[in-house]
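Summary of the model geometry
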Number of protein chains: 2
Amino acid sequence: MRNRVNAYDVAKLAGVSQSTVSRVLNNYSHVKKSTREKVLVAIKELGFTPDEIARSLASKKTHTIGLIVGDISNPFYAETAHYILREAREYDYDVIIVDTDTDDSNFDRSIQTLIGKRVDGIIIASVRKTNQKVSELIQRDFPLIFYNRKIDDDGQANFVVIDNELGAKMAVNHLIQLNHQRIAYISGPCTYSTFNDRFLGYKSALEENGINYDESLVYQDELSYEKVLEFSLKLMRDQDRPTSFFASTDHIALAVMDAAAQNGFHIPYNISIIGFDDIDIASSPYIGLSTISQQKKKMASLVLKELISIIDNKSDELIQITLEPELLIRKTTGINVQIRSNG
Amino acid sequence: MRNRVNAYDVAKLAGVSQSTVSRVLNNYSHVKKSTREKVLVAIKELGFTPDEIARSLASKKTHTIGLIVGDISNPFYAETAHYILREAREYDYDVIIVDTDTDDSNFDRSIQTLIGKRVDGIIIASVRKTNQKVSELIQRDFPLIFYNRKIDDDGQANFVVIDNELGAKMAVNHLIQLNHQRIAYISGPCTYSTFNDRFLGYKSALEENGINYDESLVYQDELSYEKVLEFSLKLMRDQDRPTSFFASTDHIALAVMDAAAQNGFHIPYNISIIGFDDIDIASSPYIGLSTISQQKKKMASLVLKELISIIDNKSDELIQITLEPELLIRKTTGINVQIRSNG
């Protein structure tokens, strides 16, 4: 990988300021001959041409991208971030990550921070369906792309997402094929596109299979470990308990699995659990979580590549890519063998 | 939480540049009365006083901290980063994370990126034992603190770390008490303080218990999943195989567990495995990884608090905190029941 062209390095090596580098390259007067020499020698030593440095100064690009995630301790964000960072290095870009803790005011502030840091573009992994600051950025053509979640008003937005509704349908249909009828749904709020679309998929799969929607089996709130554990335990201890859970992220499926263990349930004999995302640990033989793959590696690679082509003005077309979800059947889902009253 | 005082917001709301805001607050001449009015109204609307804005302009603080991690897809980094970000919000600081992929040139570039983004201070979670760029920053009193890993020449460095040598000794002693003699050690290279100190702990625990050090049981290289899986499988299939593994991170202990599963080994009956870090998933009932706690929440909280006191010049003293490791016995370690020849 070629190091990026950097006036800072030139200035440092030559022992002058960056503006001196700029003045030398623009052939301004009032630059001492010895200073000019030092700058040109430094450029040569760093393996660049004066033209390259001049272009980089003129472009005002920082070769830095901002990445906004919801919660970096959720492995889906951490793992996709890591892929994005690796790809970015190939393109000679730095990435700075900000974490909003899935909070609106933190989100707005993150946007402001990144703009203040003069990033060339922003990748957004988590945003509510409506956000004023993001809409403003899109309107003024700031290079920006969504992955995972996107805004509702996406007519002018670039994104790489999975078909979340279809993914959820695939998960729920898988449970129904295993003879499950009482299927709990654990999710964050519908103000996020991912949760909204997965909820639609959950409901339509039930409907298409003639299963009544039961609100009491549905959690749509803050995705804290403690809250999900408590809700899941309550459901599992219920007389007419669900025989399966669809957790709308793998990270939270792990909390449902912990609830099952605390309740003395064997997975999948007593309870089936399916997640969404396919985080690394899901494929561990000890977890073996059935899930829906978001194709995170492909998603990360595409989103970075497309953002850079937007930054470089290589394309005027909108980037709107919807990837196919994939059902991964592992060991947390099995045939429903519970004998229940049909009351 | 009170929003931070921000000349940018004032400028935006007033429809002027930030330097105009500055000129108004410094009572420079050549500012139109109507412009002055607009700025003062904007400050009031945002709920600040002109003095607060003036102070923030004078201090030149960006209220932004940089956080350098080795690999954000390693849950230890992701989870501590998340804690640091939460704490930072309490102190009204933004945090930008950079990931070096545990690579030296990426590390140096990360430092350069963060300095270029004018961060007020830097938290370093991963660094080699010697690093020229970091030593330079320390020499010029740039606010900087290490956690997890630190440099060797730490006489002038601030850090919050665990006693890694002691932690490793505790892990290995635990295995020895369970009658294990052939204990494999899986680690990254000793050019990192954590791995160096854990290796010392591993060796000294063996020595104190009269067990010969066997180089063939030791892996000290790049911590990729594939490489560790391959090495572990090779060892497990050996005639004179180890009966236990000490993995120097939990993240990599999961790869060793996968190797055990691939080899048809029951944990802990056929093989015992202990990790280091106590990442969240380690306490899952399905993983139940015995490990050494780094007290990550306390570590993250301390490191952020101390860095901010350094930035605020509240203390001239060096911050050098070594936390106590804690042995957490879960279900991946058990009595060695292998019958082996004593050859």
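Remember, it's a predicted structure, so these values are computed and weren't measured experimentally.

Quick look at the relation of the copies chain B and chain A now. When chain B is fitted to chain A, the residual RMSD is 0.2 Å, and the transformation amounts to a turn of 179 degrees plus an axial shift of 0.0 Å. Such a combination of turn and shift is consistent with a two-fold rotation axis. Relative to the rotation axis, the closest C-alpha in chain B is found at I97 of chain B, a distance of 2.5 Å. By residue overlap, the copies meet face to face through one surface: 98% of the interface positions of chain B are interface positions in chain A.

Now for the sheet that holds strand β6 (residues 183-187) of chain A. Residues and elements named next belong to chain A. The strand order β7-β6-β8-β9 describes an open sheet built from four strands, whose pairing is parallel. The sheet is open, and its two borders are formed by β7 (218-220) and β9 (272-274), each paired with just one other strand. Along the sheet, successive strands turn relative to each other by an average axial angle of 15 degrees, direction set aside. Taken together, the three bridges between strand β8 (residues 244-247) and β9 define a ladder with parallel strand orientation. Residue pairing for β9: F246 is matched across the bridge by I274. Its contacts with the sheet place helix α8 (residues 164-177) against β6, β8 and β9, and it is angled at close to 170 degrees to β8.

Of the residues lining the interface, 47 residues belong to chain B; the matching set on chain A comes to 48 residues. Taken together, the two surfaces of chain B and chain A that pack against each other cover about 3,800 Å², and 50% of this comes from carbon and sulfur. The largest share of the area that chain B buries against chain A comes from R109, K117 and Y286 of chain B, three residues that together contribute 20% of it. At the junction of chain B and chain A, the tally comes to eleven salt bridges.

All names here are of chain B. In spatial order, the strands read β7-β6-β8-β9; together these four strands make up an open sheet with parallel pairing. Each end of this open sheet is capped by a strand with a single partner; those strands are β7 (218-220) and β9 (272-274). On average, each strand axis in the sheet is tilted by 15 degrees relative to the strand beside it, whichever way the strands run. Of the strand pairs in this sheet, strand β6 (residues 183-187) and β7 are connected by three bridges, and their pairing is parallel. Residue pairing in the sheet places S187 in a bridge with Q220 of β7. Where helix α9 (residues 193-208) meets the sheet, its contacts fall on β6, β7 and β8 (244-247), and the angle it forms with β6 comes to roughly 170 degrees.

Residues and elements named next belong to chain A. A large share of strand β1 (residues 64-69) lies buried, amounting to six of its six residues. Alternating positions in β1 separate into two faces, T64, G66 and I68 on one and I65, L67 and V69 on the other, with burial throughout. Note that β1 and strand β2 (residues 94-99) share six bridges and pair parallel. Bridging from a neighbouring strand, L67 pairs with I97 of β2. One crossover worth recording links β1 to the parallel β2 by way of helix α5 (residues 75-90), and it is right-handed. Here β1 runs beside strand β3 (residues 121-124); their pairing, made up of four bridges, is parallel. Looking at the pairing, G66 lines up with I122 of β3.

In this section: the nonpolar core. Residues I123, F246 and I273 of chain A together with I123, F246 and I273 of chain B are the most contacted members of the largest nonpolar core, which totals 156 residues. Contacts of I273 of chain A, omitting those with residues within four sequence positions, involve F245, A253, V256, M257, A260, I267, L289, S290, T332 and T333 of chain A. Counting residues in each nonpolar core, the second largest holds 41 residues, with I138 and I151 of chain A together with V119 and I124 of chain B among its members.

All names here are of chain B. Taking burial as the measure, the five residues of β6 include five buried ones, the bulk of the element. Here β6 shows no split at all, with I183, Y185 and S187 on one side and A184 and I186 on the other all buried. As paired elements, β6 and β8 share four bridges and run parallel to each other. Its bridge partner lying in β8, A184 is registered against F245.

Interface size is commonly expressed as the accessible area that is lost once the parts come together. On domain assignment, one finds that chain A holds domain 1 (7-59), domain 2 (64-162 + 295-324) and domain 3 (164-294). Taking the mean C-alpha position of each, domain 1 of chain A and domain 2 of chain A sit 34 Å from one another.

For residues that are not glycine, phi is negative in most cases, and the peptide bond is trans in most cases. The peptide bond linking I267 of chain A to P268 of chain A adopts the cis configuration, its omega dihedral lying at 5 degrees. Along the chain, P268 of chain A turns up in the loop between α11 (250-262) and β9. Phi at D101 of chain B takes a positive value of approximately 55 degrees, unusual for a residue other than glycine. Within the secondary structure layout, D101 of chain B lies in the loop between β2 (94-99) and α6 (104-116). A positive phi angle, near 65 degrees, is found at N148 of chain B, a position not held by glycine. Checked against the element boundaries, N148 of chain B lands in the loop between β4 (144-147) and β5 (158-162).

Residue and element names in this part refer to chain A. You can see S272 is positioned in strand β9. For the pair formed by S272 and I122, sequence separation is 150 residues and the distance between their alpha carbons is 39 Å. Excluding residues that lie within four positions of it along the chain, S272 makes contacts with L175, H180, T243, S244, F245, T332, T333 and G334. Among the polar contacts made by the side chain of S272, one reaches the side chain of H180 at a distance of 3.2 Å.

Residues and elements named next belong to chain A. A surface patch of nonpolar side chains, about 310 Å² in accessible area, is lined by Y269, I335 and V337. Locating Y269 in the fold gives a position in the loop between α11 and β9. Y269 sits in the exposed class, given a relative accessible area of 54%.

Moving on, we get to the packing of aromatic side chains. Inspection of the entire model under this criterion finds 20 aromatic pairs over all chains. For the pair Y185 of chain B and F199 of chain B, a centre-to-centre distance of 5.7 Å together with 25 degrees between the ring planes defines the contact as stacked. Taken as a pair, Y185 of chain B in strand β6 and F199 of chain B in helix α9 lie far apart in primary sequence, 14 residues in all. Ring centres of Y192 of chain B and F195 of chain B lie 6.3 Å apart, and the angle between their planes is 85 degrees; on these two criteria the pair is classed as edge-to-face. As far as the burial class goes, Y192 of chain B and F195 of chain B line up, both buried. Pairwise contacts between aromatic rings join Y185, F199, Y202, Y213, F246 and F276 of chain A into one cluster.

It is worth spelling out helix α12 (residues 296-311) of chain A at this point. Residue and element names in this part refer to chain A. Taking 1.5 Å as the rise per residue, α12 with 16 residues should run 22 Å; its terminal C-alpha atoms sit 22 Å apart, in good agreement. Within α12, twelve of the 16 residues are buried, which leaves it mostly tucked inside the rest of the structure. Among the structural elements, β1, α5, β3, β4 (144-147), β5 (158-162) and β11 (320-323) are those in contact with the buried residues of α12. Looking one or two residues beyond α12, the residue adopting positive phi is N313, at roughly 55 degrees.

Take the pattern of salt bridges next. For the structure on display, the rule yields 29 salt bridges over all chains. Between K12 of chain B and E136 of chain A there is a salt bridge whose closest N-O contact spans 3.7 Å. Taken together, the residues span two chains, with K12 of chain B in helix α1 (residues 7-14) and E136 of chain A in helix α7 (residues 132-139). One salt bridge in this structure joins D280 of chain A and K296 of chain A, with 2.8 Å as the shortest N-O distance.

Rules used throughout
- Residues numbered from 1 in each chain as written.
- Chains lettered and ligands numbered in written order.
- Predicted model: local features only at pLDDT ≥ 70, side-chain atom pairs only at ≥ 80, totals over all residues.
- Heavy atoms only, no water.
- Least-squares fit on C-alpha atoms with pLDDT ≥ 70 in both.
- Contact = heavy atoms within 4.5 Å.
- Pairing = 2+ DSSP bridges.
- Helix = DSSP H or I, 4+ residues; strand = E, 2+ residues; numbered from the N terminus.
- Axes fitted to C-alpha atoms, helices over the stretch in contact; angles between N-to-C directions.
- Buried area = accessible area lost by both parts, 1.4 Å probe.
- Salt bridge = Lys/Arg side-chain N within 4 Å of Asp/Glu carboxyl O.
- Buried < 20%, exposed > 50% of the residue type's maximum accessible area, 1.4 Å probe, protein only.
- Right-handed = clockwise from strand over helix to strand, strands pointing away.
- Core = buried A, V, L, I, M, F, W, Y, C linked by side-chain atoms within 4.5 Å.
- Domains from an automatic or database assignment.
- Polar contact = N/O pair within 3.5 Å; in protein donor to acceptor, adjacent residues only side chain to side chain.
- Patch = residues over 30% accessible without salt bridge, like charges linked within 9 Å, V, L, I, M, F, W, Y side chains within 5 Å.
- Areas by Shrake-Rupley, 256 points an atom, 1.4 Å probe, with all protein chains shown as cover.
- Phe/Tyr/Trp six-rings, centres within 6.5 Å; stacked < 30°, edge-to-face > 60°.
- Expected span 1.5 Å × (residues − 1).

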